[in-house]
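Residue strings, one per chain:
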Amino acid sequence: MPAPELDPALLGKLAGAVSFICGATHACTLALKKAAESGDKADIKRAHAQFKKLKPSEQAAALNMIR
């Protein structure tokens, strides 16, 4: 299954939500911030992989925060 197309603005919002939930130095937060800043497909892929490693409750909370 191909990785979803995520725009940098959405990744920036998601980074803020994950930062609030998991902390500013969490690996997922850092990956999302880097992907939001660079917009590089490889960075986005790494950020997506880090997001998938979060607990389902953390994923749901972050996604609900950016709605």
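Summarised in this report is the structure supplied together with it. Per chain, residue numbering runs from 1 following the sequence as it is written. It should be noted that, the model being predicted, local features are given only for residues of pLDDT at least 70 and side-chain atom pairs only at 80 or more, the latter also being counted only at that level, while totals for whole chains, interfaces and linings use all residues. Excluding hydrogens and water, the side-chain values take into account all heavy atoms of the structure.

Regarding the nonpolar core
Then step 1. Counting 14 residues, the largest nonpolar core has Leu14, Val18, Cys28, Leu32, Phe51 and Ala62 as the members making the most contacts within it.
Then step 2. Starting at the N terminus, helices and strands are each numbered in turn, a helix being any DSSP run of H or I of at least four residues and a strand any DSSP run of E of at least two. At five residues, the largest contribution of residues to this core is made by helix 1 (residues 8-22).
Then step 3. Among residues more than four places away in sequence, those in contact with Phe51 are Leu14, Val18, Cys28, Gln59, Ala62 and Leu63. For the purposes of this section, nonpolar cores are sets of buried Ala, Val, Leu, Ile, Met, Phe, Trp, Tyr and Cys residues that join through side-chain atoms within 4.5 Å. Relative accessible area decides the class of each residue, using a 1.4 Å probe on protein chains only: under 20% of the type maximum gives buried, over 50% gives exposed, and in between gives partly exposed. The contact criterion used throughout is that any non-hydrogen atoms of two residues lie within 4.5 Å.

Comments concerning the environment of Arg67
Then step 1. Following the sequence through the fold, Arg67 ends up in the segment after helix 4 (56-65).
Then step 2. C-alpha separation for the pair Arg67 and Ala15, spaced 52 residues apart in sequence, amounts to 13 Å.

Comments concerning the pattern of salt bridges
Then step 1. Between Lys or Arg on one side and Asp or Glu on the other, a salt bridge is scored when a side-chain nitrogen of the former is within 4 Å of a carboxyl oxygen of the latter. Inspection of every chain in the model, using the stated rule, returns two salt bridges.
Then step 2. The partner of Asp43 in a salt bridge is Lys34, and the shortest N-O contact between them spans 4.0 Å.
Then step 3. Given the relative accessible area of 47%, Lys34 is considered partly exposed.
Then step 4. Here Arg46 makes a salt bridge to Asp43, at a shortest N to O gap of 2.6 Å. On the criterion of helical spacing, the pair formed by Arg46 and Asp43 is a turn pair, its members being three residues apart in helix 3 (residues 41-53).
Then step 5. The exposure class of Arg46 is partly exposed, given its relative accessible area of 47%.

Section: the environment of Gln50
Then step 1. With respect to the secondary-structure elements, Gln50 resides in helix 3.
Then step 2. Distance in space between the C-alpha atoms of Gln50 and Thr29 is 8.6 Å, their sequence separation being 21 residues.
Then step 3. Residues contacting Gln50, with those up to four places away along its chain left out, are Ala27, Cys28 and Ala31.

It is worth stressing that arrangement in space is one thing and function is another; only the former is reported here.
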